[in-house]
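Architecture and fold: a report
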Amino acid sequence: MNCIQVLYFAEIADITGTAEELVPLEGNDLRLETFLKQLSKKYGPRFEELLPTCMFAVNFHQASLDQELERRDELAILPPVSGG
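Analysis parameters
Residues numbered from 1 in each chain as written. Predicted model: local features only at pLDDT ≥ 70, side-chain atom pairs only at ≥ 80, totals over all residues. Heavy atoms only, no water. Pairing = 2+ DSSP bridges. Helix = DSSP H or I, 4+ residues; strand = E, 2+ residues; numbered from the N terminus. Contact = heavy atoms within 4.5 Å. Axes fitted to C-alpha atoms, helices over the stretch in contact; angles between N-to-C directions. Core = buried A, V, L, I, M, F, W, Y, C linked by side-chain atoms within 4.5 Å. Buried < 20%, exposed > 50% of the residue type's maximum accessible area, 1.4 Å probe, protein only. Phe/Tyr/Trp six-rings, centres within 6.5 Å; stacked < 30°, edge-to-face > 60°.

This part takes up the sheet that holds strand β5 (residues 74-78). Pairing within the open sheet is mixed, and its 5 strands lie in the order β2-β1-β5-β3-β4. Of all strands in the sheet, those with a lone pairing partner are β2 (20-24) and β4 (61-62), marking the two edges. Contacts between helix α2 (residues 32-43) and the sheet are confined to β1 (3-8), β2, β3 (55-58) and β5, with β2 contributing the most and set at about 110 degrees to the helix.

As a further point, take the nonpolar core. One finds Val 6, Tyr 8, Phe 35, Leu 39, Leu 75 and Ile 77 to be the most contacted residues of the largest nonpolar core, which totals 22 residues. Those elements that provide at least two residues to this core are β1, α1 (10-16), α2, α3 (45-50), β3 and β5. Looking at this core, the element that brings in the most residues is α2, giving 5 residues. Beyond its immediate stretch of four places on either side in the chain, Val 6 contacts Ala 19, Glu 20, Glu 21, Val 23, Phe 35, Leu 39, Leu 75 and Ile 77.

What follows concerns the packing of aromatic side chains. Tallied over the entire structure, the rule returns 2 aromatic pairs. An angle of 75 degrees between the planes, with centres 6.0 Å apart, marks the rings of Tyr 8 and Tyr 43 as edge-to-face. Taken together, the residues Tyr 8 in strand β1 and Tyr 43 in helix α2 connect sequence positions 35 residues apart. By relative accessible area, which is 2% here, Tyr 8 ends up buried. Ring geometry for Tyr 43 against Phe 47: centres 5.6 Å apart, planes inclined by 40 degrees, an arrangement best described as tilted. Phe 47 carries the same exposure label as Tyr 43, and that label is buried. An aromatic cluster of three or more residues is present, and its members are Tyr 8, Tyr 43 and Phe 47.

Rendered as structure tokens:
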């Protein structure tokens, strides 16, 4: 099965209820933007609302929404955080 290891941080992890999970790739469009829509369907409107504020890394490299994903990639979703 074609899966992506997804790592969630901060508020995104709170919404998903987990820090990481394996998520199957669905369909033929393997762009990050499409994959995030798949996750939004699973986790709801609050997840979707936060995505525009997030940074994304695929295999430890910053990724744009048009990045093509491949099976066994690791995706980190990094919302803005504050603190001191």
